[in-house]
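# Close look at the chain arrangement
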Amino acid sequence: MHKTIDRRQFIKLAGLGGGVVFASGLGGFSALAQAASRHGKKASGAEEDFYFVQLSDTHWGFSNPVINPDFAGTLQKALAQVNALSPAPDFIVFTGDLTQTTDDAALRRQRMSEFRDIIAALKVRDIRYLAGEHDAALDQGAAFKEFFGDTHYSFDHRGVHFIALDNVSDPAANIGADQLAWLGADLAKLDRQQAIVVLTHRPLFDLAPSWDWATPDAGKAIDLLMPFEHVTVFYGHIHQQHHHMTGHIAHHSAQGLMWPLPAPLSVPKKAPVAWDPAAPYQGLGFRQIESEHGVPTITELPVKA
Amino acid sequence: MRKTRRLHVAMALFTSTLLGFAAAAWTAVPVVRVVKVSAKRYEFRPASITISRGESLDLELVTDDVLMGFNAPDLGVRSNIVPGQVSCLRITPQKTGTFPFLCDVFCGSGHEDMNGSITVVD
Ligand SMILES: [Cu+2]
Ligand SMILES: [Fe+2]
C-alpha cells in the first residue's frame, strides 16, 4: 500500500491545521536537504515519502489545576486532533513521560493502564513508545515494559532506520555500557548514507545540566552516530521546542502535553510556565515529522482549545 | 647513670625535632572548612552554601534514604551519595556567583525539586 504524500499538499494540510513548519535557522534540515541535493547525495534507501507524529510528556496522573486546569482532558484533545489528520500518519510515537511519577508502584501501573485505555482512541494503531524518567526511573522500567514493551529497540520504516534509546531507566540517566554495545552492533549493519532517526527522551547533549537537561554518557552515543551522514534526533523531556546541532547531527525537542517549561536557564529556577487563561493550552502541542527522501521536515501543531 | 642521661638528652632532642616537624606541617596545610550536607527525600540540608572565591571547602555528603547524587555542573563537581557512607567532595571555586546544585539520581516523586545553590563571594 502506497501512501506517498505530495509535499505541497502536505504543507497545505499542515497549514490549515494551524501548524508552523520548522525552517531551521541552525541549518538543520534545510541545510541537510540543500547539501543532499548539492552533492546529489540522498540518504540511501529512503525513497518513499511519509510522515509520523510525535507526542511527548503527557504526564498522565498529574492533577494540579493551577498548572493545567484541563489536566484530565488535554491528552484527549491532542488525540482527537491526531485522529483528524488527513492523510493519517504512518505511525505515532510517544517520547516518554507518558505518566506522572509516583512512589506507589500500584498507582504507577494504574496510570499506565489508564493511559493505555485513553490512547486506544487513536485510529492509527502503529504506536511506538519510549519511557521518560517519570515512567521508568523508580523501577528501572519494570512497569513500563509490562505495558508498552522494550525501552530500547530499532525498526525500519520505508527506508528510514529508527532507533529508540533509553536514557531514563537508569536513575542516573545514563544510556549505559550494555545499550551502547547494542547501539554499536545495530549501527554496524548500516550504510553510512542510511537515513537514521533517533528517538529518545532526554537530550543527547548538554543542554542545561543544572536543570537536569542532559544525558551523562550521551557523548558515547553521539560518537557512534557521528560517522553516519543523515542523523536526526527527536526527543522530549524539556516540554518545549528546541533545535540544536552537534556537528551535522540535528536534535529537536518536542512540546509537551501537560505543562510548558521556560527556555533553558532563562529563569533562576526551573518551574512550569503558568497557565494563561487568555491563551489556554499555550505551549502545549505535538508535531508531524515528514520524511522526504529520508530528510525530515517538522510541522508543529498546537493543542486547540 | 651517665649513659642514661645521654640517652635522655638524645630523646629530648629527637622529640623536639619531631614536634618541630609537626608544627611546620600544621602551619603549611591550610585549614579546610567542612560542611556536612545531608540529602533526604526531597531536600538538601543546607540547601544554600556560601564560600569565598579561592577558598577550599570539603562537602561531606550523607544520606539515610536511597542512592542520591550531588551535582554542581557549573563548578564541575559531582558525587553519588550512598546510604551509610560519607562522600567527600572538595570545591575550590575560582569564580564568583550563585551556582545551582541538584540531585541527579532520580530518587522519588519529589526528585525534581531537590536542589540548592552554592554562592561564591569575593
Ligand atoms: Cu522527562
Ligand atoms: Fe516530562
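Definitions and cut-offs
- Residues numbered from 1 in each chain as written.
- Chains lettered and ligands numbered in written order.
- Predicted model: local features only at pLDDT ≥ 70, side-chain atom pairs only at ≥ 80, totals over all residues.
- Heavy atoms only, no water.
- Pairing = 2+ DSSP bridges.
- Helix = DSSP H or I, 4+ residues; strand = E, 2+ residues; numbered from the N terminus.
- Axes fitted to C-alpha atoms, helices over the stretch in contact; angles between N-to-C directions.
- Donors = N, O, S within 2.8 Å, 3.2 Å for Na, K, Ca; no water.
- Tetrahedral: all angles 85-135°; square planar, octahedral: opposite > 155°, others 65-115°.
- Buried < 20%, exposed > 50% of the residue type's maximum accessible area, 1.4 Å probe, protein only.
- Contact = heavy atoms within 4.5 Å.
- Buried area = accessible area lost by both parts, 1.4 Å probe.
- Salt bridge = Lys/Arg side-chain N within 4 Å of Asp/Glu carboxyl O.
- Polar contact = N/O pair within 3.5 Å; in protein donor to acceptor, adjacent residues only side chain to side chain.
- Nonpolar A, V, L, I, M, F, W, Y, C, P; charged D, E, K, R; others polar.
- Core = buried A, V, L, I, M, F, W, Y, C linked by side-chain atoms within 4.5 Å.
- 1 Å grid on protein atoms, 1.4 Å probe; cavity = no way out; pocket = protein on both sides within 12 Å on 5 of 7 lines; lining within 4 Å.
- Points joined across faces, edges and corners; volume = space filled by probe spheres on them.
- pLDDT = per-residue confidence, 0-100.

### So, the sheet that holds strand 4 (residues 57–63) of chain B
To summarise the sheet geometry, strands pair through backbone hydrogen bonds and adopt either a parallel or an antiparallel arrangement. All names here are of chain B. The strand order 2-1-4-7 describes an open sheet built from 4 strands, whose pairing is mixed. Each edge of the open sheet carries a strand with a single partner, namely strand 2 (43–45) and strand 7 (87–91). When strand polarity is set aside, the average angle formed by the axes of neighbouring strands in this sheet is 25 degrees. Alignment of strand 1 (residues 33–40) against strand 4, held across 7 bridges, turns out to be parallel. Bridge pairing links V34 to D58 in strand 4.

### Comments concerning the coordination of the copper ion (ligand 1)
All names here are of chain A. In this structure, D97 (OD), E133 (OE), H201 (NE2) and H237 (ND1) serve as the protein donors to the copper ion (ligand 1), at separations of 2.1 to 2.4 Å. One can describe the donor arrangement at the copper ion (ligand 1) as irregular, given that its 4 donor atoms subtend angles of 91 to 160 degrees at the metal. Mapping the donors of the copper ion (ligand 1) onto the primary sequence gives the spacing D-x35-E-x67-H-x35-H. Here the copper ion (ligand 1) and the iron ion (ligand 2) are spaced 3.4 Å apart, linked through D97, which binds each one. Separated by 104 residues along the polypeptide, D97 in the loop between strand 3 (92–95) and helix 4 (105–118) and H201 in the loop between strand 7 (195–199) and helix 8 (218–225) bring together distant segments of the chain. D97 gets classed as buried once you look at its relative accessible area, which sits at 1%. The exposure class of H201 is buried, given its relative accessible area of 0%.

### Comments concerning the interface of chain B and chain A
Residue-level contacts link 14 residues of chain B with 14 residues of chain A. Taking both sides of the interface into account, the surface hidden between chain B and chain A amounts to around 1,100 Å²; carbon and sulfur atoms contribute 59%. The interface formed by chain B and chain A contains 0 salt bridges. Between the two partners, chain B and chain A, sit 4 residue pairs in polar contact (both at pLDDT 80 or more). Tallied by class, residues from the side of chain B that touches chain A come to 7 nonpolar, 4 polar and 3 charged.

### Thoughts on the nonpolar core
Residues and elements named next belong to chain A. Counting 33 residues, the largest nonpolar core has L55, F94, F115 and Y129 as the members making the most contacts within it. Among the secondary structure elements, those contributing two or more residues to this core are strand 2 (50–55), helix 3 (74–83), strand 3, helix 4, strand 4 (127–130) and helix 6 (142–148). If you look at the next biggest cluster of nonpolar residues, it comprises 30 residues, including I163, L187, Y235 and I249.

### A word on the side chain of S210 of chain A
Tracing the backbone through its elements, the reader meets S210 of chain A in the loop between strand 7 and helix 8. With near-sequence residues (within four places) excluded, S210 of chain A lies in contact with L265 of chain A together with P73, D74, P100 and L102 of chain B.

### Notes on empty space enclosed by the protein
A complete count under the given rule lists 3 cavities of 30 Å³ or more for this structure. Here the largest cavity defines a volume of roughly 60 Å³. Around the largest cavity, the lining comprises 14 residues; the ones closest to its centre are P171, A173, R202 and D212 of chain A together with F106 of chain B.

### Regarding the confidence of the model for chain B
Detailed reading of the predicted model is not advised wherever pLDDT is low. All names here are of chain B. A residue-level look at chain B finds 75% of positions with pLDDT of 70 or above and a mean pLDDT of 84. Element-level pLDDT for chain B is lowest in helix 1 (residues 2–28), with a mean of 47, against a maximum mean of 98 in strand 5 (residues 68–72). Scoring the predicted complex yields pTM 0.86 and, for the interface, ipTM 0.85.

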